[in-house]
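Here are the chains, one letter per residue:
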Amino acid sequence: MMYQWISGLVRHRFARLAGTALGVGLTVALLATLGFFLVGSSATMTARAVSGVPIDWQVEAVPGADPATVQDAITKAAAVAALDPVFFGKTDGFQASTGGTVQTTGPGKVIAFGPDYPGHFPKEVRLLSGKLDGALVAQQTAANLRVAPGDMVTINRLGLGPVQVSITGVVDLPDADSLFQAVGLPPQAAPQAPPDNVLILPLAEWHRIFDPQQTMRPDSTRQQFHVRLDHSSLAVQPGDAFTQVTRAARNLEARVAGQALVADNLGARLDAVRGDAIYASLLFLFLGLPGAALGAGLTVAVSASGADRRRAEQALLRIRGASSHRILLLSGAEAMTVGLVGCSIGLVGAAGFAAVALPLAGSIAQALLVALMAACAGLLLAAASVILPAWDALRARNVSSTRRTVGRATKPLWQRLWLDVVLLALAGLLFWQTASTGYQIVLAPEGVPATSTDTKAFLAPALFWIGATLFVIRIVSGLILANGSVLQLILRPLAHRLAPVIGASLSHQSRRIALGIVMTALAVAFGLSTALFNTTYKAQAQVDAQLTNGADVTAFGTATNPAGPWLAKLAALPKVAAAEPMIHRFAYVGADLQDIYGIDPARIGQVATLSDAFFPGGSAAEVLARLAATPDGVLVSEETVTDFQLAQGDMINLRLMDARDHQNHAIPFHFIGIAREFPTAPKDSFLVANSAYLARMTGNPVAEDILMRSAGEAALAADTVRKALATDPGVQVTDVGSVTHIIGSSLTAVNMTSLTRIELAFASVMAAASAGLMLALGFDDRKRGFAILAAIGAKPRQLGAFLWAEGTLVIMGGGIFGIALGSIIAWMMVKLLTGVFDPPPEGLAVPWIYVLTLLALVAGSTLGAVLTAGKKQREEAVSLMRDI
């Protein structure tokens, strides 16, 4: 009997079954695809985090410990890919005699690496000039001593006589903060700045010079082991990998039993990435779950569209002796059929989409678990949309009760309680409370190993979604039910004199039509909110990358090896549209050493993106014009203004090195404004001044950096610039595209392009299905009424007026309410996820092409449903009367 029942439904109720299966399939596909996205993105974040850590562990032997014992413990505590000894020695300072003058520095550090170290840890030392064999000097130390390859430097040892070494190369230490960190300090301790003066010696020469000092002053030297772990054995999820690495570090601490201290750099990085993974989950919740809820709602609405037919079918079954239990079994078979078909379609579609558009990362087991969970959700949805309505209908125990009609239905309880207005008010209150207090939606207190999410932040958008949905239902159903002047105004261009009749007909179906309008509006809102958020993110990620890199392409030099002399050659390259020099030096604000940037305020905007959000108290153009009008003006970062209690207009004396005598001198500046951010500047403390004033007061007009705007793709322009600078390896060239992959939080770490494709594709399908499918099913259920109208002489144009009137209401209502809701929700999401934007966006970026495409799909599906229904009524009027 079940087979006959299902086959009969397929033959006679195919549209309803197909619509329900489509709703299940869309929901399952969206859940599964987003799950695949989360799994793959988390694995991608882990891989990027691991690859970005130069030294996984720094294990420092305490004085008197046996280095061999410590090294053995390291190899037993974890799978090790590389392990090299590093030695550090303190000095009273360095001295050099060049150019007829003698330069002396303060205390410094002399380090030595093993012979395999450069191959195992290639990111620690970057050669600027000379060669790596022999004694190397850090670029800042080379600037202080005014030395170059071939010069002699004197090392002033502690308690011993000085020793001279011959410099063979000048190097940069990109990871100096980590390399010279104080191992063993608690997480709450403030980080220590790396030493200003550093030499690197071959291992044998270091031992020759510092072994005697170690004998006299054991506290002046130390030995570390730098460790790179076997990354192939790490878990793919950030949280699991963090747990794995930290447990191995604790195992090492237990093995060395106080003989060594461990700096777990990899664990610290993975700890930060755990917060990134939570942000990725937030994207799923904020952007994905509304789509899944919409798919579930579409499924339920499609199933509910045949409620009258379902009650009639149950009445016939009871007449023929079917029990309630048997009827529920038949409904269960229908639900299982719809669920299996929908799950199969959804999982196949999700797998195909993932293979084409998502990052191939993560384990197969995790992907299978995601698919299983999505399938279970689809089966539950099918059961809820088919079995529950059938069970509800069974409460009418006799045939006559299914035929009984009640007058005008009473308002639902939520309408009488004004629940929609209450929910919207609560959403607004919670949003104002959370978004106006500078909260962080991801909580990662410093020194606390746990990372958590501020769950209260979910309440505002969730309440808004629910409240807005109910509010639209109230407005639309009330408008149609009242059949007032507004409805007549909408219908009159299509129905003319039939407007009152059609309005009265629609008012008797207000709930069904309102449901179609609301489903269309929610689909449009989902697609629009997703598109607005993702487009805003993409634009802001570009601003963030531009801010970090400085421009499309940037050539970074140093004080001893500036990029400025290459300006004319680089500006003439065909791939470079504009090039501007930028001075980058260091200035003392009191005892605090900060970055200072010298620019031409009138021209910097030709190569760099300067947002108004960078400058509180005025637009970017206004602040730069103020700087240009004040030759000795300086823009100061917010942190410095707060730390030093500065007021606009104050005179500030900054100490900068003069190129003429290589001594620091106080130079007066006027504080004229605040800069929150600036191209290439650090996030905390920095200064921005006029390059002409800096050059005149320091006697050095050469710019360290060159910012360039590309003519075309930035990557191609960067390649051209690198070729032009091939003879000067000390100048580093970066482009905005490469920087985009390594900055920011999870929103820039995960593949947002994939997430955009997922959600926008599903939003488009759901919008078209919500409008067209709901109309088509409604028309199909009203075949009796149309057949009767045709039989009594209604003309095709008059029948078409009924169809076009309903279609117009769906397009207009769904479009207007959908655009309004989508814009508000996108604005809320951007505000609530402000923590992922640096700097925050000035406004929403609108993807006009997608918005117009989405609305065109809604209009097209509605038009198709109306034309199909009209053609069917004209062709099958007589046969429909016989069938009824």
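These figures come from a predicted structure and were not determined experimentally.

(A) Examining helix α23 (residues 691-698) more closely. All buried positions along α23 are accounted for by Tyr693, Leu694, Ala695 and Thr698. One or two residues past the end of α23 sits Gly699, with phi positive at roughly 70°.

(B) Here's a closer look at a nonpolar patch on the surface. On the surface, Leu413, Leu417, Leu419, Val422, Leu426, Leu429 and Trp432 cluster together into a nonpolar patch covering about 700 Å² of accessible area. Per element, the largest residue contribution to the nonpolar patch is five residues, and it comes from helix α15 (residues 419-435).

(C) Structural context of the state of the cysteines. On inspection of all chains with the given rule, the structure shows zero disulfides. Unpaired in this structure, Cys343 has its nearest cysteine sulfur neighbour in Cys376, at a distance of 8.2 Å. A residue is classified by how much of its surface remains accessible, and Cys343, at 6% relative accessible area, is buried.

(D) Quick look at the packing of helix α3 (residues 67-77) against helix α8 (residues 238-256). Across the interface, α3 lies against α8 with an axial gap of 9 Å and an inter-helix angle of 145°. You can see that α3 and α8 cross each other, and the crossing is right-handed. In this structure, α3 contributes Ala73, Ile74, Lys76 and Ala77 to the contact, and α8 contributes Ala248, Asn251, Leu252, Arg255 and Val256. Of the residues assigned to the contact of α3 with α8, the class counts are six nonpolar, one polar and two charged.

(E) Up close: the pattern of salt bridges. By the definition in use, this model includes twelve salt bridges. A salt bridge links Lys76 to Asp72; the shortest N-O distance between them is 3.1 Å. Residue Lys76 and its partner Asp72 are located together in helix α3, separated by four residues, close to a single helical turn. Classification of Lys76 as exposed rests on a relative accessible area of 52%. A salt bridge links Arg217 to Asp219, with the nearest nitrogen and oxygen atoms 3.2 Å apart. Relative accessible area serves as the criterion here: at 35%, Arg217 is assigned to the partly exposed category. Taken together, the shared-partner salt bridges in this structure form one network comprising Asp719, Arg722 and Asp735.

(F) Examining the confidence of the model for the protein chain more closely. On average, residues of the protein chain carry a pLDDT of 80, and 81% of them reach 70 or more. Every residue in residues 397-408 scores below 50 in pLDDT, and together they form eleven contacts with partners more than four places removed in sequence or on other chains. Contacts from residues 742-749, a stretch scored under 50 in pLDDT, to residues over four places away or in other chains number 24 contacts.

(G) Spatial organisation of unusual backbone geometry. Residue Arg146 is not a glycine yet carries a positive backbone phi of 55°. As for its position among the elements, Arg146 is in the loop between α5 (139-145) and β8 (152-156).

(H) Looking closely at the packing of aromatic side chains. Using the criterion set out here, one finds eight aromatic pairs in the structure. Aromatic rings pair up to connect Phe87, Trp206 and Phe210 into one cluster. Just above the ring of Trp418 sits the side chain of Arg474; from NZ or CZ to the centre is 3.8 Å. Just above the ring of Tyr588 sits the side chain of Arg655; from NZ or CZ to the centre is 4.5 Å.

Definitions and limits used
- Residues numbered from 1 in each chain as written.
- Predicted model: local features only at pLDDT ≥ 70, side-chain atom pairs only at ≥ 80, totals over all residues.
- Heavy atoms only, no water.
- Buried < 20%, exposed > 50% of the residue type's maximum accessible area, 1.4 Å probe, protein only.
- Helix = DSSP H or I, 4+ residues; strand = E, 2+ residues; numbered from the N terminus.
- Patch = residues over 30% accessible without salt bridge, like charges linked within 9 Å, V, L, I, M, F, W, Y side chains within 5 Å.
- Areas by Shrake-Rupley, 256 points an atom, 1.4 Å probe, with all protein chains shown as cover.
- Salt bridge = Lys/Arg side-chain N within 4 Å of Asp/Glu carboxyl O.
- Disulfide = S-S within 2.5 Å.
- Axes fitted to C-alpha atoms, helices over the stretch in contact; angles between N-to-C directions.
- Left-handed = near helix turned anticlockwise from the far one by under 90°.
- Contact = heavy atoms within 4.5 Å.
- Nonpolar A, V, L, I, M, F, W, Y, C, P; charged D, E, K, R; others polar.
- pLDDT = per-residue confidence, 0-100.
- Phe/Tyr/Trp six-rings, centres within 6.5 Å; stacked < 30°, edge-to-face > 60°.
- Lys NZ or Arg CZ within 6 Å of the ring centre and 35° of its normal.

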